[in-house]
Amino acid sequence: MSFDWLEMGVEVEAKGETAPQFSQVHGNTAIEVFGAPDREPKEADAGFTAHLNTEVYVFTADCLPVLFYGKDPSAPVGAAHAGWRGAMKGIVSQTLRQMAIPPAETHVVFGPSIGPCCFEVQTDFIEAFRQAGRDITPYVENRGQRLFCSLLDFVVNEELSSVPKGQVSTRLHRCTVCSLPELPSYRRNKSTDPRLRTWIRKRSR
C-alpha cells in the first residue's frame, strides 16, 4: 500500500556522506529523531519520528534495514538496523513498541540485506541465539554440511508476528552479496564503504 504523504528509498553512498542520526551498535535501543543529526549521536539501532519532512535512516552493508509506518498519516515513521545480533536482541519488536502504532495499522518494508542464499553461519551462531532464549533453528537450512540462515524470515515470524502478513513487504529487498547490479556487502568486500542508506519520511501534502 502506498500513501501520497509517504516517501522511502534505498541509496548507495560513500561512508561519511550523510551524518548518522544515531551510532549503530548492534543493540536493541530505538530513539526518537527530531531533525538534524546531533554532533555526538547517541548509541541506538533504530529511530522514529512523527515530524513532517524529517528523514529517518539507517546504514547497512549486509545487515537488514527495516522501515515502519502506519496507516494514519499522524503516526510516526521509523527505520531499524537489524543485524543478526540486533535481531536476536529484539530491535525490531522494540521499535514497534516505542512507535506505538496498533499492529493492525502497521506497515513494514525490508530493504536489501544478505539473503539465505549467501548467509552462511556456524554452530556458534545458533548457540548465541539459544543462550539469548531465541530459537533460530527453524530459519537455518543445512545444505551439504553447510548452514545458511534466513534472518528476514526470523524477523517476519518472530519479531513481527502481530503485524498482518499482507502489510509486510519485501519489494525493496534483494541479496546484497550476490544480486546484480552489485550492492555494498561487507561479507563480499570486507568493507562498509560504500554502504546503503535506507530511509523513510513523511512529507507535506
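Everything that follows concerns the structure shown earlier in this document.
Residues numbered from 1 in each chain as written. Predicted model: local features only at pLDDT ≥ 70, side-chain atom pairs only at ≥ 80, totals over all residues. Heavy atoms only, no water.

(A) A look at the sheet that holds strand β5 (residues 64-70). Taken in spatial order, the 6 strands line up as β2-β3-β6-β5-β7-β11 in an open sheet, and their pairing is mixed. Looking at the sheet topology across the chains shown, the edges are occupied by β2 (30-32) and β11 (168-169). This element, helix α2 (residues 91-99), spans β2, β3 (46-49), β5, β6 (77-82) and β7 (106-110) of the sheet and lies at about 160° to β6. (Pairing = 2+ DSSP bridges. Helix = DSSP H or I, 4+ residues; strand = E, 2+ residues; numbered from the N terminus. Contact = heavy atoms within 4.5 Å. Axes fitted to C-alpha atoms, helices over the stretch in contact; angles between N-to-C directions.)

(B) Representation of unusual backbone geometry. In this model, Leu180 is joined to Pro181 through a cis peptide bond whose omega is 0°. Cis geometry is found at the peptide bond from Asp193 to Pro194, where omega equals 5°. Turning to its location among the elements, Pro194 is positioned in the loop between α5 (186-189) and β12 (195-202). For His26, which is not glycine, the phi torsion reads 60° and is therefore positive. On the basis of relative accessibility, which here comes to 29%, the residue His26 falls in the partly exposed class. Positive phi is not limited to glycine here, since Gln145 has a value of about 70°. In this structure, Gln145 sits in the loop between β9 (140-143) and β10 (146-149). Given a relative accessible area of 73%, Gln145 falls into the exposed group. (Buried < 20%, exposed > 50% of the residue type's maximum accessible area, 1.4 Å probe, protein only.)

Everything listed is a geometric property; what it means functionally is a separate question.
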